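One-letter residues, chain by chain:
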Amino acid sequence: MNAAATPADYIAMFRRRRRFFLIPFVLLFGASIALATMLPSVYESTATIRIDKQHLPKDLIETTVVTGYIDEYLEVLSQKVLSNNNLWEIAESHDLYPELRDESRKYVVGAHMRRNIRRETLYVKVGPEQRRYEDSVAVAFTVTYAARDPETAHQVANALADLYLIQSHRVRTEQASQLAKFLQEESKRLSEHLNDLEQSLARFKEEHVAKLPDFMSLNMNMMEGTQDQLDRLNETIAGLRQEKIQLQGQLAQIQPEQGILNADRRGLTPAQQVERLRLDYMDMATKYTPSHPDLRRLRNELAAFDGQAPRAGRILRLVTAIEETRARLIDARETHAADHPEVRELEQAVAEQKSELSSLGSGSLGSAANAQNPAYIAARSRLESVEAKLEAEREKRALLTRRLDEFESRVMGSPAVEEKYRRLMRDYESVLREYRETRDKQLKAEVAEKVERNQIGDRFSLYSPASRPDEPAQPKRAGIALLGLIFASGAGTSLAALAEYFDRTVRGVRGVLNIFGAPPIATVPSILTRNEKRRRMGRLVLLWIVTLGVIAVGIVLVVNIVMSEPSSGVGIFNQG
């Protein structure tokens, strides 16, 4: 049965395995001490830049420069600040990396400097514990530069801070200026477009002023009123026509000159006899049908005078036409009612032909102009008055008909005009609204540009300039040594424990007792000869020589790696 190990057992085990413990311990701890001692000192200098928010009320002026989240804006700004050209100028002004400074190697100098620059954003927690990240507000950021020389770190950190301030002001001013210029050009373009639309709208209104939607109800009312006037006028014209027909019938029954009608035909000239035959026909036409023998006799007598009297042929042709029209009228009355359009048309034609026949006597002896019959004169005057009124009413009807057609054309064309008009108005209102919005943005952008130039709005200000560091920030020598001590102790202990675990040698009375259950009778100690002692001492000396050599080689390698960095930087940061 195995007994529990005592402290004496552990001490004995340490004595047996001290080489397995001491060799890795000395190697690792010595290397950490050498590394902490040999690493060059690195100095850091930090400048703090405050993020000043806009002090003016937002309802009074609002900046138009869109920067988004501060980290995104700082990242974009850092790309401009830490460009190869800017870092090259700083390197030249502070004599950094002299062994690398070559116009063709600007990117190399920039890469080395960016590894020595660190940027960190400072936040203020304004929300509850579970929402601190979402409700954090950036109030400042720091710019740190690391170098082996404290004065170099101090000067370069301040130069970087100044460059951040200059670039921030320049970027915001350029953004505001570019935005104002863009909005100005856009406002000008929209203004020209708006003028074109206004001209198109004005031309459209001028061309279709009477068909616009605003005049639709007026056109409808005017069309209805014109139609009413036209209906009343048609009734008036119909009455005047009827009155004219009646007067023409009366005139046909009245003889303008009784002397010609009562005189002996043998004492009359051929012209007077033709005139008498005309008057006789006008009297007989009211009493006889076209086929009556007296009318045929009268036509034959007129034919006899054709060529002897100037108007005989014309009167004969007119009388023949009247009789033909009267015959058609008689036939029409037999087949149609009295108010039938064909009957009315034929009656009108007979009346007009009789009126023309009656007017042929105006230039001859016994004509209407020389008529002495008062009844004939009165009827003739009334007929002329009716004819004048009828002509005036016809002209008025033609005017009203044209107006009605015009109003109907307006009403019929109004939907198409309205559609195009509304489309023009939509385009105009849309462009006008866009122009007003753009113009308002332009005014705000111009004010914002002045705000940015005068640094009244959001801006960066130097809160704390970089100071000259008194103590190196890197390396942490005590930490490296402590870490080496811990690691070396753990490695030595682990190696000694493994050696003890895999060693199956029986040692001491306890080992014999554990195996055989009885103590040994006697013990014989290890007896070394002089040669064995000499060989053991030689191996120990060789082991220490190899250990020290490994430590020395490690130190040299570490120092060479560290010292291979350019003298003005150490390359311990990534660009932040």
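Presented here is a report on the structure given in the accompanying data block. (Residues numbered from 1 in each chain as written. Predicted model: local features only at pLDDT ≥ 70, side-chain atom pairs only at ≥ 80, totals over all residues. Heavy atoms only, no water.)

Focus: helix H2 (residues 18-38)
Owing to its 3.6 residues per turn, the α-helix brings residues three or four apart onto one side.
Right, so step 1: Along its 21 residues, H2 runs 29 Å from first to last C-alpha, staying within 8% of the 30 Å computed at 1.5 Å per residue.
Right, so step 2: Those residues of H2 lying buried are Phe21, Pro24, Phe25, Ser32, Ala34 and Ala36. (Helix = DSSP H or I, 4+ residues; strand = E, 2+ residues; numbered from the N terminus. Expected span 1.5 Å × (residues − 1). Buried < 20%, exposed > 50% of the residue type's maximum accessible area, 1.4 Å probe, protein only.)

Details of the nonpolar core
Right, so step 1: Core analysis: the biggest nonpolar cluster contains 36 residues, and Met113, Phe141, Tyr145, Leu160, Tyr164 and Phe460 have the highest contact counts within it.
Right, so step 2: Listing elements by their share of this core, those giving two or more residues are strand S1 (43-52), helix H3 (70-81), helix H4 (84-93), helix H5 (106-115), strand S3 (136-147) and helix H6 (150-207).
Right, so step 3: Take this core: its biggest share by element is nine residues, from H6.
Right, so step 4: For Phe460, the contacting residues outside a window of four places in its chain are Ile49, Arg50, Ile51, Ile70, Tyr73, Leu74, Leu77, Phe141, Leu165 and Ser168. (Core = buried A, V, L, I, M, F, W, Y, C linked by side-chain atoms within 4.5 Å. Contact = heavy atoms within 4.5 Å.)

Comments concerning the pairing of S1
Right, so step 1: Among the 10 residues that make up S1, eight are buried, leaving the element largely enclosed by the rest of the structure.
Right, so step 2: Across five bridges, S1 lies against strand S4 (residues 459-464) in antiparallel orientation. Its bridge partner lying in S4, Arg50 is registered against Ser461. (Pairing = 2+ DSSP bridges.)

As for a positive patch on the surface
Right, so step 1: A cluster of basic side chains, namely Arg18, Arg19, Arg530, Lys533, Arg534, Arg535, Arg536 and Arg539, defines a positive patch on the protein surface.
Right, so step 2: Those elements that provide at least two residues to the positive patch are H2 and helix H16 (530-563).
Right, so step 3: No other element matches H16, which puts six residues into the positive patch.
Right, so step 4: On the basis of relative accessibility, which here comes to 69%, the residue Arg530 falls in the exposed class. (Patch = residues over 30% accessible without salt bridge, like charges linked within 9 Å, V, L, I, M, F, W, Y side chains within 5 Å. Areas by Shrake-Rupley, 256 points an atom, 1.4 Å probe, with all protein chains shown as cover. Salt bridge = Lys/Arg side-chain N within 4 Å of Asp/Glu carboxyl O. Lys, Arg positive; Asp, Glu negative; His and termini not counted. Charge placed at Lys NZ, Arg CZ, Asp CG, Glu CD.)

Remarks on the packing of helix H9 (residues 270-284) against helix H12 (residues 341-359)
Right, so step 1: At a closest axis distance of 10 Å, the pairing of H9 and H12 adopts a crossing angle of 150°. Looking at the two axes, H9 sits roughly antiparallel to H12. In this structure, the crossing between H9 and H12 has a hand that is left-handed. Together, Arg278, Tyr281 and Met282 of H9 and Lys354, Leu357 and Ser358 of H12 make up the contact between the two elements.
Right, so step 2: Taken together, the residues that form the contact of H9 with H12 break down as three nonpolar, one polar and two charged. (Axes fitted to C-alpha atoms, helices over the stretch in contact; angles between N-to-C directions. Parallel < 35°, antiparallel > 145°, perpendicular 65-115°, else oblique. Left-handed = near helix turned anticlockwise from the far one by under 90°. Nonpolar A, V, L, I, M, F, W, Y, C, P; charged D, E, K, R; others polar.)

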